[in-house]
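Close look at the chain arrangement
This is what each chain is made of:
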Amino acid sequence: MLKADGFDKAFLGVASRFGMDEVFAYDYDKVLKILQERDGMCPDEALEFFHYNIIGAWVGDKTPLFVKQYGSIKDAVDDLDL
């Protein structure tokens with residue numbers, strides 16, 4: 001498993017996927033908050049940096065997951081426009 005350095009406070013646990021190695025999972029919103037507080041980024045800068053440099057940094061099947069938490073499936077469906 002690969003660790004997302006500097007984001008221990010956003011750690012959620014270990015995620016399992018069929019036929020693949022387990023990976024570390026991190027809270028999406030907490031990672032954004034860390035970028036804003038630690039690195040002084042505004043929300044838009046943090047989001048852009050996160051998507052390009054963190055989520056966009058695919059390093060194979062052991063790349064960590066980033067979980068966006070919702071209160072319900074309905075909230076997720078509404079937010080994602082599914």
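Preceding this section is the structure that the text describes.
Now for a description of the structure that goes with this document. (Residues numbered from 1 in each chain as written. Predicted model: local features only at pLDDT ≥ 70, side-chain atom pairs only at ≥ 80, totals over all residues. Heavy atoms only, no water.)

Thoughts on the sheet that holds strand β2 (residues 23–27)
Counted only if it meets this: Any two strands between which DSSP finds at least two bridges are classified as paired. Strands here mean DSSP runs of E at least two residues long; helices mean DSSP runs of H or I at least four residues long; both are numbered from the N terminus. Lines fitted to C-alpha atoms define the axes here, with helix axes fitted over just the stretch in contact, and angles between the N-to-C directions of these axes take values from 0 to 180 degrees.
The strand order across the open sheet built from three strands is β1-β2-β3, with neighbouring strands paired in mixed fashion. Looking at strand neighbours, the two that pair on one side only are β1 (11–15) and β3 (65–67), the edges of this open sheet. Here the average twist between neighbouring strands, direction ignored, is 30 degrees. Summarising the sheet, β2 and β3 pair through three bridges and their orientation is parallel. Residue pairing for β3: A25 is matched across the bridge by L65.

Description of the packing of aromatic side chains
Filter applied, for reference: Centres within 6.5 Å make a pair out of two Phe, Tyr or Trp rings, where for Trp the six-membered ring is used; the pair is then stacked when the planes are under 30 degrees apart, edge-to-face when over 60, and tilted otherwise. The cut-offs for exposure are 20% and 50% of the maximum accessible area for each residue type, with area from a 1.4 Å probe on protein chains only; residues under the lower value are buried, those over the upper are exposed, and the others partly exposed.
This model, assessed by the stated rule, comprises five aromatic pairs. With 5.7 Å between their ring centres and 25 degrees between their planes, Y26 and F66 make a pair best called stacked. Of the two residues, Y26 is situated in strand β2 and F66 in strand β3; the sequence distance between them amounts to 40 residues. Taken as a pair, Y26 and F66 share a single burial class, namely buried. Taking relative accessible area as the criterion, F66 reaches 18% and is therefore assigned buried. Taken together, the ring pairs connect F11, F24, Y26, Y28, F50 and F66 into an aromatic cluster.

Let's talk about the pattern of salt bridges
Selection rule: Salt bridge, as used here: a side-chain nitrogen of Lys or Arg that lies within 4 Å of a carboxyl oxygen of Asp or Glu.
Counted by the stated rule, this structure contains six salt bridges. Across the pair K3 and D8 runs a salt bridge whose closest N-O atoms are separated by 3.3 Å. Between R38 and D39 there is a salt bridge, and its shortest N-O distance comes to 2.9 Å. Residue D39 is classed as partly exposed on the basis of its relative accessible area of 36%.

Remarks on the packing of helix α1 (residues 28–39) against helix α2 (residues 43–55)
The condition that has to hold: Throughout, a crossing is termed right-handed when the near helix is turned clockwise from the far one, and left-handed when it is turned anticlockwise from it by less than a right angle. Any two residues having at least one pair of non-hydrogen atoms within 4.5 Å are treated as being in contact. Nonpolar residues are Ala, Val, Leu, Ile, Met, Phe, Trp, Tyr, Cys and Pro. Charged residues are Asp, Glu, Lys and Arg, and all others, Gly as well, are polar.
Viewed as axis vectors pointing N to C, α1 and α2 meet at an angle of 115 degrees, and their least axial separation amounts to 9 Å. By crossing handedness, the relation of α1 to α2 is classed as right-handed. Along its contact with α1, which presents Y28, V31, L32, L35 and Q36, the element α2 presents P43, A46, L47, F49, F50, H51, I54 and I55. Its residues assigned to classes, the contact of α1 with α2 shows eleven nonpolar, two polar and no charged.

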